[in-house]
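Descriptive structure summary
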Amino acid sequence: MILRCLEVVSHMAGVRNRAARHEGKERVRIRIRGTRGEPATQRSGLGAGRRRWCFGKPLLALGLLLPYWSLSGCMAPRYGASAMISPPEGAALPVRVREGLLLVPVRMGADGVDHWCLLDTGTDRALFDANLCRKLGLAPRQSTSIVAATGAEVEAHELLPIQSLRVGPIEFRDVDAASIDLQQLRDHAKLPIEGILGCDLFRGSLLELDLSARSVYVRPMRNTPSEQPIRFDGRVPVVPAMLAGKPLEVLVDTGFQSLLAVPPEMALDWRFPPRTTGELATLDGIQDHGSGRALGTLTVGPLRFQDPWVMVAKGQPKIGMWALRRSKLTLDAAGGRIWIQTAP
């Protein structure tokens, strides 16, 4: 989840394409210039756990954000990777669906082992488990902290750029990332993940998530959909929505399993008032959360939900995988654009 008071403003990264040869095959290398602007706040949103919709059954979720400061205090941050090497037409990424979430295999450096990572549009940069970073010799650059949805701070470390990171046929060079302890997430959500891949990694391309087909593609920038996009500021897709005739902004979050989450202070009319329905796992511990059924229609782009089920939890309002399960998302992270297309 993302606290709305921590606004991240980033300028669109410049992108330059050129043909390259890689391992005997024609590839396209996309170089991404560093963005310039004020020191950014690292943000990350993740809801994870068993998907449960009936009252009385547990739903686990995790919300976090990561403040980012440069080493010198005045250095402009660089987001994502310095370059991406891909086939000219793009490529499909290997994907596995676990507990309603998208996992992709990642290989780093000379390590030939697949490390399964959550593909999360609610997170901006790449995050990797601290134990994995130690095992692979990924050196920390400085200490920072993750602020959980409850407001508690949890220790984290910014890493030196990862020289090579592969996801299927795509290679990313000099990747900006941080290390955090993901053990609690694995223990409570039963997700075998060793990292989280956020939007920044794909700033040199279009990330296409066909959730109804359970497929993921990285496309060249020229392959934008013909429909008008929904535009957003910052590094993650926070887009306009309507709930019962009232405007709000929601995070489009593939790291969150449920339909909709809103903070407790948001005033809603309820068909079924919220009551405690399970546990909420955050980085600093476990707490109860509530769910209920709101009165009215939720509208996000072409998506419509009458009297939606709502999880009440601290943080940025968000829609998750249950809302998106019949949709195709196309994300232009550098340009601040997202397309939401409903399946026929």
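Residues numbered from 1 in each chain as written. Predicted model: local features only at pLDDT ≥ 70, side-chain atom pairs only at ≥ 80, totals over all residues. Heavy atoms only, no water.

**Here we look at the sheet that holds strand β6 (residues 91-93)**
In plain terms, the rule: We treat two strands as partners when DSSP finds at least two bridges between them. Helix and strand definitions follow DSSP, with helices as H or I runs of at least four residues and strands as E runs of at least two, each counted in order from the N terminus.
Within the open sheet, the 6 strands sit side by side as β6-β18-β17-β29-β30-β19. Their pairing is antiparallel. Because the sheet does not close on itself, it has two edges, and the strands there are β6 and β19 (230-231). In this structure, strand β17 (residues 206-210) lies alongside strand β29 (residues 327-332), joined through 4 bridges in antiparallel fashion. If you follow L209 over to β29, its bridge partner there is L329.

**Structural notes on the nonpolar core**
A general tendency of soluble globular proteins is for nonpolar side chains to be buried together. Basically, it comes down to this: Put simply, buried Ala, Val, Leu, Ile, Met, Phe, Trp, Tyr and Cys residues joined by side-chain atoms within 4.5 Å make one nonpolar core. Partly exposed residues are those whose accessible area sits between 20% and 50% of the maximum for their type, while under 20% is buried and over 50% is exposed, using a 1.4 Å probe and protein chains only. The contact criterion used is simple: two residues touch if any of their non-hydrogen atoms lie within 4.5 Å.
F128, L165, F172, L197, L260 and I319 are the most contacted members of the largest nonpolar core, which has 76 residues in total. Broken down by element, this core gets its largest block of residues, 6 residues, from strand β8 (residues 101-108). Other than its neighbours up to four places away in sequence, L165 contacts V106, R107, M108, F128, I170, E171, F172, V175 and L201.

**A short note on the confidence of the model for the chain**
Defined as follows: Known as pLDDT, the predictor's per-residue confidence is scaled from 0 to 100.
Residue-level pLDDT values for the chain average 79, and 73% of them are 70 or greater. Segment residues 32-76: pLDDT under 50, and 190 contacts once partners within four positions in sequence are set aside and those in other chains are kept.

**Concerning the state of the cysteines**
The criterion, for reference: Note on terminology: disulfide denotes any pair of cysteine sulfur atoms within 2.5 Å.
In the structure shown here, the tally under the stated rule is 0 disulfides. For the unlinked cysteine C117, the closest cysteine sulfur is that of C133, found at 9.9 Å. For C117, a relative accessible area of 0% corresponds to the buried category.

**Describing unusual backbone geometry**
Despite not being glycine, E99 shows a phi value in the positive range, around 55°. Along the polypeptide, E99 turns up in the loop between β7 (96-98) and β8. Its identity as a non-glycine residue notwithstanding, D174 has a phi of 50°, on the positive side. Take D174: it is sitting in strand β14 (residues 170-175).

**As for the environment of L329**
Residue position: L329 is located in strand β29. When the C-alpha atoms of L329 and L206 are compared, they prove to be 9.9 Å apart, with 123 residues separating the residues in sequence. Look past the residues within four positions of L329 in its chain and what remains in contact with it is L207, E208, L209, V252, T254, L324, W339 and I340.

**Re the pairing of strand β18 (residues 215-219)**
Note that β6 and β18 share 3 bridges and pair antiparallel. Counted as the bridge partner of L93 is V216 from β18. Bridge analysis of β17 against β18 gives 5 bridges, and the strand direction is antiparallel. Residue pairing across strands places L206 opposite R219, the latter belonging to β18.

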